[in-house]
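# Per-entry structural report
Here's the letter readout for the chains.
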Amino acid sequence: MFFWDQHKTITSCYEKVTGSVCEKYQLTHMEYDILMFLHNNPQHNTAAEIVKVRKSTKSHVSSSLKNLESRGLIERIQSADNKKHIEIVLLNKADRIIEDGIKAQKEFAKIALDGLTVEEKHICKEVFHKICENADKYMR
């Protein structure tokens, strides 16, 4: 089996670990991922940036943002000078979800990186970053 065929195992593990948070707060994985993305990447706080950076579909992001907004977890704020620029802000109601999400992400990292030395973890991150850059470059 080629190493790239195993990426689904990593994704499945992540979804299993974070699934308890999704269940607890009745979130889809996409809604959970968007909340955590906004928390971890506050500089990418528009729907267009979520789509671009996360490589998600516009329709999934749009429907997830509607659900999150209707539940009072996020707010969309329209720019005064540019009506098309709408920033997404996490609201206090999302704080508990974010806290549990951070714990789940740390648990996933612990599981995925178990047995690796500090140096191996560093090398793994560097190599993974290069692989992603290469794939990104090809996709452009």
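Residues numbered from 1 in each chain as written. Predicted model: local features only at pLDDT ≥ 70, side-chain atom pairs only at ≥ 80, totals over all residues. Heavy atoms only, no water.

### Brief notes about the layout of surface pockets
Considered as a void within the structure, the largest pocket measures approximately 2,100 Å³ in volume. Lining the largest pocket are 34 residues, and of these I10, T11, F108, F128 and C132 lie nearest its centre. If you list the elements that add at least two residues to the lining of the largest pocket, you get α1 (7-25), α2 (29-40), α3 (47-54), α5 (95-112) and α6 (118-139). Per-class residue counts for the lining of the largest pocket are 19 nonpolar, eight polar and seven charged. (1 Å grid on protein atoms, 1.4 Å probe; cavity = no way out; pocket = protein on both sides within 12 Å on 5 of 7 lines; lining within 4 Å. Points joined across faces, edges and corners; volume = space filled by probe spheres on them. Helix = DSSP H or I, 4+ residues; strand = E, 2+ residues; numbered from the N terminus. Nonpolar A, V, L, I, M, F, W, Y, C, P; charged D, E, K, R; others polar.)

### Topic: the state of the cysteines
Working definition: the covalent bond between the sulfur atoms of two cysteines is a disulfide. Following the criterion strictly, the structure yields zero disulfides and no others. In this model C13 remains outside any disulfide bridge; the closest cysteine sulfur is found in C124, 13 Å from its own. C124 takes part in no disulfide bond, and the closest cysteine sulfur to it belongs to C132, at a distance of 11 Å. Residue class for C124 comes out partly exposed when judged on its relative accessible area of 37%. (Disulfide = S-S within 2.5 Å. Buried < 20%, exposed > 50% of the residue type's maximum accessible area, 1.4 Å probe, protein only.)

### A look at the side chain of S64
Here S64 is to be found in helix α4 (residues 58-70). Take S64: its relative accessible area is 5%, and that puts it in the buried class. Once you skip the residues sitting within four places of it in the chain, S64 turns out to touch T28, M30, E31 and I34. (Contact = heavy atoms within 4.5 Å.)

### Here's the deal with the nonpolar core
Core analysis: the largest hydrophobic core is formed by 24 residues, its most contacted members being L27, L35 and I50. Looking at this core, the elements with two or more residues in it are α1, α2, α3, α4 and α5. (Core = buried A, V, L, I, M, F, W, Y, C linked by side-chain atoms within 4.5 Å.)

### Observations concerning the side chain of S56
As for its position among the elements, S56 is in the loop between α3 and α4. Exposure remark for S56: the relative accessible area of 13% places this residue in the buried category. Looking at S56, its side chain comes within polar contact range of the side chain of R54, at 3.2 Å. Leave out the neighbours within four places in its chain, and S56 touches M30, V51 and V61. (Polar contact = N/O pair within 3.5 Å; in protein donor to acceptor, adjacent residues only side chain to side chain.)

### Here we look at the pattern of salt bridges
On inspection of all chains with the given rule, the structure shows four salt bridges. K24 serves as the salt-bridge partner of D100, at 2.9 Å between the closest nitrogen and oxygen. Here the residue D100 occupies a position in helix α5, and K24 occupies one in helix α1, the gap between them amounting to 76 residues. Since its relative accessible area comes to 16%, D100 is described here as buried. The class for K24 is exposed, based on a relative accessible area of 56%. (Salt bridge = Lys/Arg side-chain N within 4 Å of Asp/Glu carboxyl O.)

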